[in-house]
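One letter stands for each residue in the lines below.
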Amino acid sequence: MRFIFHYPETAGYEGSLLDAGPLPEVAAAAERHGFDGFSLSEHPAPGAKWLASGGHQTLDPFIALAFVAAATERLRLITYLTVAPYRNPMLLAKTAASLDILSGGRMTVGLGTGYQKSEFHALGVDFDERNVLFDEALDVLPQHWSGEPFSYTGTHFSARDVVARPRPIQQPIPLWIGGNSALSRRRVAQRAQGWIPMSGGAELSTTARTPSLGPVPELARKITEIRDQAQAAGRTEHIDVVYSYSGEGITKPTVDAQRHTDALAELAEAGVDWIVISSRTREQAETMDFIEGFGTTYPTAAR
């Protein structure tokens with residue numbers, strides 16, 4: 001099992017996202033203390049009501065991850081998640097490829113369909129088209145990254161005999177798809193390298209417009225189903241499963257460590273490969289203490 005540090009997200013208007021610490025320094029500490037990945041989410045135009053009622057601030061994840069890349073040597077750079085329908089897929093592909101090249105092949109693109117109607121409206125994207133636009137991105141990204149000429153007609157664009165160079169180092173850049181629906185899981189089995197189930201409970205599921213995930217045994221069943229479907233489709237590569245762990249008290253990682261160790265072991269047994277952890281801190285010293293405490297307490301993270 002590998003661990004991803006998700007940069008703490010400041011909720012509401014008070015304070016700044018970067019109160020948790022300078023991005024390069026936090027990322028370097030995460031790498032030093034055994035984390036394998038670093039992630040950021042995105043909300044380019046969130047609703048004011050959502051932000052005021054507990055929604056969180058964000059940076060542009062690709063720009064922020066470029067800073068992380070420059071400060072580290074081995075961390076995976078992960079969008080958790082970027083909303084595919086917000087961008088023309090050619091621009092999304094070029095941005096991800098650029099970061100993959102400049103980082104030495106460390107990019108992972110976590111993709112979601114999105115759920116905030118007001119944000120779709122602010123960006124000029126039809127909310128009702130989000131699934132069609134998402135599937136178009138899944139079509140275009142690997143073709144763009146191949147570096148070979150291709151043509152593709154989408155809902156709002158027509159690419160005729162285009163070619164994108166330089167190619168990214170990874171062929172293809174790994175795609176991790178978020179969401180709990182049967183449609184999301186089918187997409188993972190057929191077209192992606194990883195699945196990001198949403199583990200935040202019923203309230204988050206309602207907000208994010210995705211079914212509740214259910215207990216760990218149900219998660220295990222769904223993981224097996226995805227991997228069986230991928231095998232039936234003739235795919236041979238391993239499908240990663242990425243789970244956000246927020247067990248009560250984990251923000252103090254050195255306290256009640258055995259309980260968390262047991263919970264993480266149960267998730268590993270269910271088939272989870274990557275665990276996303278965040279500290280929810282708002283001061284640099286607290287963030288650094290969390291990263292060191294987690295890496296020291298959980299031997300599987302402290303490599």
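Relevant structure appears above.
(A) Focus on the overall build of the protein chain. Helix and strand content of the protein chain: eleven helices and ten strands. A compact globule built from 303 residues would reach a C-alpha radius of gyration of about 19 Å, and the protein chain, at 19 Å, matches this within 12%. Taken along its principal axes, the extent of the C-alpha atoms in the protein chain is 55 × 45 × 40 Å. Across the 303 residues that make up the protein chain, the buried fraction comes to 51%. Pairs at least 24 residues apart make up 71% of the contacts formed inside the protein chain by residues separated by at least 6 positions. Surface accessibility of the protein chain: about 13500 Å² in total, with carbon and sulfur atoms responsible for 53%. Separation of charge centres in the protein chain, based on 27 positive and 35 negative side chains, amounts to 4 Å.

(B) Local environment of empty space enclosed by the protein. What the rule picks out here adds up to one cavity of 30 Å³ or more. Each pocket or cavity is described by its volume, and for the largest cavity that value is around 40 Å³. Surrounding the largest cavity, His6, Tyr7, Glu9, Leu17, Leu40, Ser41, Gln57, Thr58 and Leu59 form its lining. Partitioned by chemical class, the residues of the lining of the largest cavity number four nonpolar, four polar and one charged.

(C) Expanded view of the nonpolar core. Within the largest apolar cluster, 63 residues are counted, with the highest numbers of intra-cluster contacts made by Phe35, Phe38, Leu111, Trp145, Leu267, Ile275 and Ile277. Residues within four places of Leu111 in sequence aside, it is in contact with Leu81, Thr82, Ala84, Leu92, Phe134, Leu138, Leu141, Leu175, Trp176, Ile177 and Gly178. Ile4, Ile78, Trp176 and Trp274 belong to the second largest nonpolar core, which has eight residues in total.

(D) Here's a closer look at the layout of surface pockets. In this structure, the second largest pocket spans a volume of roughly 200 Å³. Residue lining of the second largest pocket: 14 residues in total, with Pro85, Arg87, Asn88, Leu133 and His156 positioned closest to the centre.

(E) Molecular detail of the side chain of His56. In this fold, His56 is placed in the loop between α2 (48-52) and α3 (61-71). Sequence-distant contacts of His56, defined by excluding residues within four places in its chain, comprise Glu9, Thr10, Ala11, Ser41, His43, Trp50 and Leu51.

(F) Inspection of the packing of aromatic side chains at higher detail. Per the stated rule, a full pass over the model turns up twelve aromatic pairs. An aromatic cluster is built from Phe3, Phe5, Tyr7, Phe35, Phe38, Phe290, Phe294 and Tyr298, whose rings are joined through pairwise contacts. Its guanidinium or amino end placed over the ring of Phe127, Arg130 lies 3.9 Å from that ring's centre, counting from NZ or CZ.

(G) Here's a closer look at the environment of Ala270. The topology assignment puts Ala270 in helix α10 (residues 257-270). With 107 residues separating them along the chain, Ala270 and Val163 place their C-alpha atoms 41 Å apart. Filtering out sequence-adjacent residues up to four positions away, Ala270 remains in contact with Val216, Ala220 and Ile223.

(H) Region of the structure containing unusual backbone geometry. Following Tyr80, the chain continues into Leu81 via a peptide bond in cis, with omega recorded as 0°. Take Leu81: it is sitting in strand β3 (residues 76-83). With an omega of -5°, the peptide bond between Gln171 and Pro172 qualifies as cis. Examined against the element boundaries, Pro172 turns out to sit in the loop between β6 (158-162) and β7 (175-178). A positive phi angle, near 50°, is found at Asp161, a position not held by glycine. Residue placement: Asp161 occurs in strand β6. A positive phi angle, near 60°, is found at Arg280, a position not held by glycine. By the secondary structure assignment, Arg280 is in the loop between β10 (274-277) and α11 (284-297). By relative accessible area, Arg280 is classed as exposed at 59%.

(I) Just a negative patch on the surface, in detail. On the surface, Asp19, Glu283, Glu286, Asp289 and Glu292 cluster together into a patch of negative charge. Tracing the backbone shows Glu283 in the loop between β10 and α11.

(J) Highlighting the pairing of strand β4 (residues 107-112). Across the six residues of β4, six count as buried, placing the element largely inside the fold. Taking every second residue as pointing to the same face, both faces of β4 are buried, with Met107, Val109 and Leu111 on one and Thr108, Gly110 and Gly112 on the other. Bridge count between β3 and β4: five bridges; the pairing is parallel. In the sheet register, Thr82 faces β4, and the bridge partner there is Leu111. Running through helix α4 (residues 89-103), the crossover from β3 to the neighbouring parallel element β4 is right-handed. Two elements, β4 and β7, share three bridges in a ladder whose sense is parallel. Residue pairing for β7: Gly110 is matched across the bridge by Trp176.

Here is what the cut-offs are and how they apply
Residues numbered from 1 in each chain as written. Predicted model: local features only at pLDDT ≥ 70, side-chain atom pairs only at ≥ 80, totals over all residues. Heavy atoms only, no water. Helix = DSSP H or I, 4+ residues; strand = E, 2+ residues; numbered from the N terminus. Rg over C-alpha atoms; globule rule 2.2 N^0.38 Å. Buried < 20%, exposed > 50% of the residue type's maximum accessible area, 1.4 Å probe, protein only. Contact = heavy atoms within 4.5 Å. Areas by Shrake-Rupley, 256 points an atom, 1.4 Å probe, with all protein chains shown as cover. Lys, Arg positive; Asp, Glu negative; His and termini not counted. Charge placed at Lys NZ, Arg CZ, Asp CG, Glu CD. 1 Å grid on protein atoms, 1.4 Å probe; cavity = no way out; pocket = protein on both sides within 12 Å on 5 of 7 lines; lining within 4 Å. Points joined across faces, edges and corners; volume = space filled by probe spheres on them. Nonpolar A, V, L, I, M, F, W, Y, C, P; charged D, E, K, R; others polar. Core = buried A, V, L, I, M, F, W, Y, C linked by side-chain atoms within 4.5 Å. Phe/Tyr/Trp six-rings, centres within 6.5 Å; stacked < 30°, edge-to-face > 60°. Lys NZ or Arg CZ within 6 Å of the ring centre and 35° of its normal. Patch = residues over 30% accessible without salt bridge, like charges linked within 9 Å, V, L, I, M, F, W, Y side chains within 5 Å. Salt bridge = Lys/Arg side-chain N within 4 Å of Asp/Glu carboxyl O. Pairing = 2+ DSSP bridges. Right-handed = clockwise from strand over helix to strand, strands pointing away.

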